[in-house]
Amino acid sequence: MSEQSRRPHKPGKPYRRPHKDPVRILAFDALRAVDERDAYANLVLPPLLRKAREKGDFDVRDAALATELVYGTLRRQGTYDAIIAACVDRPLREVDPPVLDVLSLGAHQLLGTRIPTHAAVSASVELARVVLGDGRAKFVNAVLRKVAQHDLDGWLATVAPPYDVDPEDHLAVVHSHPRWVVSALWDSLGGGRAGIEDLLEADNERPEVTLVARPGRADPQELLREDAAVPGRWSPYAVRLTEGGEPGAIDAVRESRAGVQDEGSQLVALALAGAPLDGPDEKWLDGCAGPGGKAALLGALAAQRGAVLLAAEKQPHRAGLVARALHGNPGPYQVVAADGTRPPWRPGSFDRVLVDVPCTGLGALRRRPEARWRRRPEDLEGFAPLQRALLRGALDSVRVGGVVGYATCSPHLAETRAVVDDVLKQRPHTELIDARPLLPGVPALGAGPDIQLWPHLHGTDAMYLALIRRTG
């Protein structure tokens, strides 16, 4: 007999069926998909919400609550794990993952939202009855009642080691990041406690949706007519949707005249496009173009100058996404499935080259909070040869006097300056260009000549950019 079929109750008392709450069931389903299939919440959640709306189960407030439950739980997973571990009588690894997901959802409602305590516990127990069965629902009830005995600050004072004893572990528990990620971000950021705490807090905030009005195809003023839309902070083409919303419902986005693109990614493309050249400015290359956001912006900028963009992406299905993003570009372009480490084009063919290389994605933890728990330090070793090979391929592809942009959505020094330094040691006929003047008005760009953007300082993903001119 399964636990779902067990119905422990007092003799003679009628059995009460559990209440099925579609919001919490959807949130649980999303967390299970993230855990079981290594899916990303930003890919799993939208179709689940769309299906719920089509069935008539959800209104706008329901969708907002489900989104908060999923992302809030994932962002604070490390903190909630530490708290739940203090409330159970076994190692956390021995708790079944579905049970742990229900407990984490309950912990977030108790400690991270304004949902009243009784309602948070009751709703979580009802969810457990539906998805786990009555037997394990009792366990959920007992654990969450212990969690409810303190607020978040009270728990952190109990489960986090003092900062003076172990600063990195303290920050890891309080701000829900793996210790090695805290250490890596701190090394890259430099400075004292305040800066790293601000950064970790920014990683745990829900990011705004940022749009890009692709020049020559859409005007920012058109996007600013949307509800709660305000101009971007730094990019002249950026518009922020301060209350989220559905970008796919916007005409300009649906027609590929605009797109969803973090302002940091826009700044990378703008800096490369603005870098001074020696000689002609006719042929541009995006050597790692998938899924197509930067390629679409570069293509629009190139068209304004009469330049041609070649967008190359190794994976054919991602090349298809690039082609979709560039469809309707006002100037000439071409999309090819090609490996930037073994370029099929002639050396020295391009005036400007961008390689936004594959990386750990530690710069986008606001958008993909689950990535912090999937990545391991050894992943850096896996990306390192590819990142260096792509940069070497880009330097081979640019002509003398042309410029290469090496970009990555990670601030980890092993993926940024270490890569650039290693490659340029073997390429004497190159020079770094100071990228900071190419982003006028953007503060706190560091000592240069490269650029590191930060969520807490710029409101962007932690994008890195180095501009390199080939001199011979």
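Remember, predicted model here, so these are calculated numbers, not experimental data.

*Asks:* Break down the overall build of the chain for me, with residues and values.
*Replies:* Along its length, the chain carries 20 helices and twelve strands. By the compact-globule yardstick of 23 Å for 472 residues, the chain fits well, its C-alpha radius of gyration being 25 Å. For the chain, buried positions account for 53% of its 472 residues. In the chain, the proportion of contacts linking residues at least 24 apart, taken out of those at least 6 apart, comes to 72%. Counting every atom, the chain has about 20,900 Å² of accessible surface; 51% of that belongs to carbon and sulfur. With 60 positive and 61 negative side-chain charges, the chain shows a spacing of 5 Å between the two charge centroids.

*Asks:* Which residues make up the pairing of strand β9 (residues 398–408), and what values do they have?
*Replies:* Of all eleven residues in β9, ten are buried, a share of seventy percent or more. Sheet topology note: the strand β8 (residues 350–356)/β9 ladder contains six bridges and is parallel. Bridged to Asp356 within β9 is Ala407. Both β9 and strand β12 (residues 464–470) contribute to a ladder of six bridges, which runs antiparallel.

*Asks:* Hey, could you go over the state of the cysteines for me, with residue numbers and the actual values?
*Replies:* Within this structure, the stated rule accounts for zero disulfides. Sulfur of Cys409: no disulfide; nearest cysteine sulfur belongs to Cys359 and is 5.7 Å away. With relative accessibility at 16%, the residue Cys409 sits in the buried group.

*Asks:* Kindly report on the packing of aromatic side chains, identifying the contributing residues and their values.
*Replies:* The relative placement of two aromatic rings is captured by the distance of their centres and the angle of their planes. Across all of its chains, the model carries two aromatic pairs by this definition. Seen in terms of ring centroids, Trp345 and Phe350 are 5.8 Å apart; in terms of plane orientation they differ by 90 degrees. Their pairing is edge-to-face. A residue is classified by how much of its surface remains accessible, and Phe350, at 6% relative accessible area, is buried. Both rings, one in Tyr406 and one in Tyr464, keep their centres 6.4 Å apart while their planes meet at 70 degrees; by these two values the pair is edge-to-face. Pair noted here: Tyr406 is in strand β9 and Tyr464 is in strand β12, with a separation of 58 residues, a long-range link. Accessibility assignment for this pair places Tyr406 and Tyr464 in one class, buried. Just above the ring of Tyr163 sits the side chain of Arg193; from NZ or CZ to the centre is 3.8 Å. The residue whose ring lies beneath Arg374 is Tyr40, and the NZ or CZ to ring-centre distance is 4.8 Å.

*Asks:* Outline the sheet that holds strand β1 (residues 209–213), supporting the account with residue identities and numerical values.
*Replies:* Within the open sheet, the four strands sit side by side as β2-β3-β1-β4. Their pairing is antiparallel. Every interior strand has two partners, whereas the edge strands, β2 (229–231) and β4 (258–260), have only one. The average undirected angle you get between the axes of adjacent strands in this sheet is 30 degrees. For β1 and strand β3 (residues 238–241), the ladder comprises four bridges, and the chain directions are antiparallel. Along β3, the bridge assignment pairs Leu211 with Val239. Together, β1 and β3 form the strand contacts of helix α14 (residues 263–274), whose direction differs from that of β1 by roughly 30 degrees.

*Asks:* Pulling in residues and values, what's your account of helix α7 (residues 134–147)?
*Replies:* Over its 14 residues, α7 runs 20 Å from end to end, which matches the ideal 20 Å to within 8%, given 1.5 Å per residue. Within α7 the residues assigned to the buried category are Asp134, Ala137, Val140, Val143, Leu144 and Val147. Around the axis of α7, the buried residues are gathered within 165 degrees of arc, so they sit on the same side. Residues Lys138 and Arg145 are exposed on α7 and point more than 90 degrees away from its buried face. Those residues of α7 that are buried are in contact with α4 (77–85), α5 (97–112), α6 (117–131) and α8 (152–159).

*Asks:* I'd love a proper account of the side chain of Asp286, names of residues and values included.
*Replies:* With respect to the helices and strands, the residue Asp286 is situated in strand β5 (residues 283–286). Looking at Asp286, its side chain comes within polar contact range of the main-chain nitrogen of Ala295, at 3.4 Å. If we ignore the near neighbours within four places in the chain, the residues touching Asp286 are Lys294, Ala295, Leu298, Leu309, Leu310, Ala311, Ala312 and Leu354.

*Asks:* Which residues make up unusual backbone geometry, and what values do they have?
*Replies:* Peptide bonds are mostly trans, and most non-glycine residues show a negative phi. In this chain, Gly290 is followed by Pro291 through a cis amide linkage whose omega measures 0 degrees. Following the sequence through the fold, Pro291 ends up in the loop between β5 and α15 (293–305). Following Gly448, the chain continues to Pro449 via a peptide bond in cis, the omega torsion being -5 degrees. Looking at the element boundaries, Pro449 is found in the loop between β10 (430–433) and β11 (451–452). Despite not being glycine, Ser176 shows a phi value in the positive range, around 60 degrees. Position of Ser176 among the secondary structure elements: in the loop between α9 (167–175) and α10 (179–189).

*Asks:* Could you give an account of the pairing of β5, with specific residues and numbers?
*Replies:* Pairing between β5 and strand β6 (residues 308–313): four bridges, direction parallel. Following the sheet pairing, Asp286 is matched in β6 by Ala311. After leaving β5, the chain enters α15 and then returns to the sheet as β6, a path that is right-handed. Pairing of β5 with β8 involves three bridges; the strand directions are parallel. Residue pairing in the sheet places Trp284 in a bridge with Arg352 of β8.

*Asks:* Could you give an account of the pattern of salt bridges, with specific residues and numbers?
*Replies:* Enumeration over the complete set of coordinates arrives at 37 salt bridges. Of the charged contacts, one joins Arg32 and Asp35 as a salt bridge, the two residues approaching to 2.9 Å between their closest N and O atoms. Of this pair, Arg32 and Asp35 are both found in helix α1 (residues 22–37), three residues apart, which corresponds to roughly one turn of the helix. Of the residues examined, Arg32 reaches a relative accessible area of 9% and is grouped as buried. For Asp35, a relative accessible area of 42% corresponds to the partly exposed category.

*Asks:* Break down the packing of α6 against α7 for me, citing the residues and quoting the values.
*Replies:* Between α6 and α7, the least distance of the axes is 8 Å, while the angle of their chain directions is 155 degrees. Taken together, the axes of α6 and α7 are roughly antiparallel relative to one another. Between α6 and α7 the crossing geometry is right-handed. Of α7, the residues touching α6 (which contributes Val121, Ser124, Val125, Ala128 and Arg129) are Asp134, Ala137, Val140, Asn141, Leu144 and Arg145.

The rules behind these values
- Residues numbered from 1 in each chain as written.
- Predicted model: local features only at pLDDT ≥ 70, side-chain atom pairs only at ≥ 80, totals over all residues.
- Heavy atoms only, no water.
- Helix = DSSP H or I, 4+ residues; strand = E, 2+ residues; numbered from the N terminus.
- Rg over C-alpha atoms; globule rule 2.2 N^0.38 Å.
- Buried < 20%, exposed > 50% of the residue type's maximum accessible area, 1.4 Å probe, protein only.
- Contact = heavy atoms within 4.5 Å.
- Areas by Shrake-Rupley, 256 points an atom, 1.4 Å probe, with all protein chains shown as cover.
- Lys, Arg positive; Asp, Glu negative; His and termini not counted.
- Charge placed at Lys NZ, Arg CZ, Asp CG, Glu CD.
- Pairing = 2+ DSSP bridges.
- Disulfide = S-S within 2.5 Å.
- Phe/Tyr/Trp six-rings, centres within 6.5 Å; stacked < 30°, edge-to-face > 60°.
- Lys NZ or Arg CZ within 6 Å of the ring centre and 35° of its normal.
- Axes fitted to C-alpha atoms, helices over the stretch in contact; angles between N-to-C directions.
- Expected span 1.5 Å × (residues − 1).
- Arc of directions from axis to C-beta.
- Polar contact = N/O pair within 3.5 Å; in protein donor to acceptor, adjacent residues only side chain to side chain.
- Right-handed = clockwise from strand over helix to strand, strands pointing away.
- Salt bridge = Lys/Arg side-chain N within 4 Å of Asp/Glu carboxyl O.
- Parallel < 35°, antiparallel > 145°, perpendicular 65-115°, else oblique.
- Left-handed = near helix turned anticlockwise from the far one by under 90°.

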